[in-house]
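# Structural overview
Here are the chains, one letter per residue:
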Amino acid sequence: GEPSIVDTVLDSMQALPPTTRTLLVANVAVYLLARLGLLGSNPAERFGFKARDILADPARNVHKMLTGTFLHLTPSHIASNMMVLSSVGSKLESRLGSRKMAVIVFFLVPIIGATQLTITLLLNAVAASVGVCDLERNETRGDSAEERTRSAEGALTRIVRHQVSVNTISIGFS
C-alpha cells in the first residue's frame, strides 16, 4: 500500500546531500531539545542572538553569534527555515560539492552573526546621533524645559522604534 509518513520523510532525508542533511538534522535536533526543555527553561535567553547581550558582555555571550543560527522557537519558524534549507541547500551542495558546502557553512554562520552585530551597532549609532542632535538643536533654539522634554521624549520614541526594527531585522536573519 501507501508508504507511511515516516517512510516518506526518511526517503526524503536520504535524498538530501550530506551537508544539507546534517544541517537539517542538527537544526531539528536543537529545536526538539528546546521544545523538550533540555536546553533550559529559556533557550532564547541562553542561546538566541541578541546584540545587546553580546555587546554588554562579549566573553559570556559571543557563542550566541553561532548558537542563534540553530535556534528556532516555533513550529512555523523551524518548518519554513528547514524547507528553504532543504531546497536551496541541496541545490547549492549539488553544484558546489559537499566539502565546499561544509566550508562555506562553517565560515558563513559566524559571518552572519558578525554582520547582524555590525548592523545593530551602525543603526544604534545613527539612532543615538539623531536623538542627540534633536536635544542639542532644542537647547540652542532656547526652547522651554517643557518643549525640550517633549522633544527628548520624541527622540527616545524614535530610538525605541528603531531598536524594535533592528530586533525584527535580526530575527529575520535567523
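Predicted model only: the values in this text are computed from it and were never measured. (Residues numbered from 1 in each chain as written. Predicted model: local features only at pLDDT ≥ 70, side-chain atom pairs only at ≥ 80, totals over all residues. Heavy atoms only, no water.)

### Things to note about the overall build of the chain
Along its length, the chain carries nine helices and zero strands. Ordered by position from N to C terminus, the α and β elements of the chain give α-α-α-α-α-α-α-α-α. The buried share of the chain, reckoned over its 174 residues, is 28%. A separation of at least 24 residues holds for 64% of the contacts in the chain among residues at least 6 apart in sequence. Summed over all atoms, the accessible surface of the chain reaches about 11,300 Å², with 66% contributed by carbon and sulfur. (Helix = DSSP H or I, 4+ residues; strand = E, 2+ residues; numbered from the N terminus. Buried < 20%, exposed > 50% of the residue type's maximum accessible area, 1.4 Å probe, protein only. Contact = heavy atoms within 4.5 Å. Areas by Shrake-Rupley, 256 points an atom, 1.4 Å probe, with all protein chains shown as cover.)

### Observations regarding the side chain of Asn61
As for its placement among the helices and strands, Asn61 is situated in helix H5 (residues 58-61). Here Asn61 falls in the buried class, since its relative accessible area comes to 11%.

Any link to function would need more than the numbers given here.
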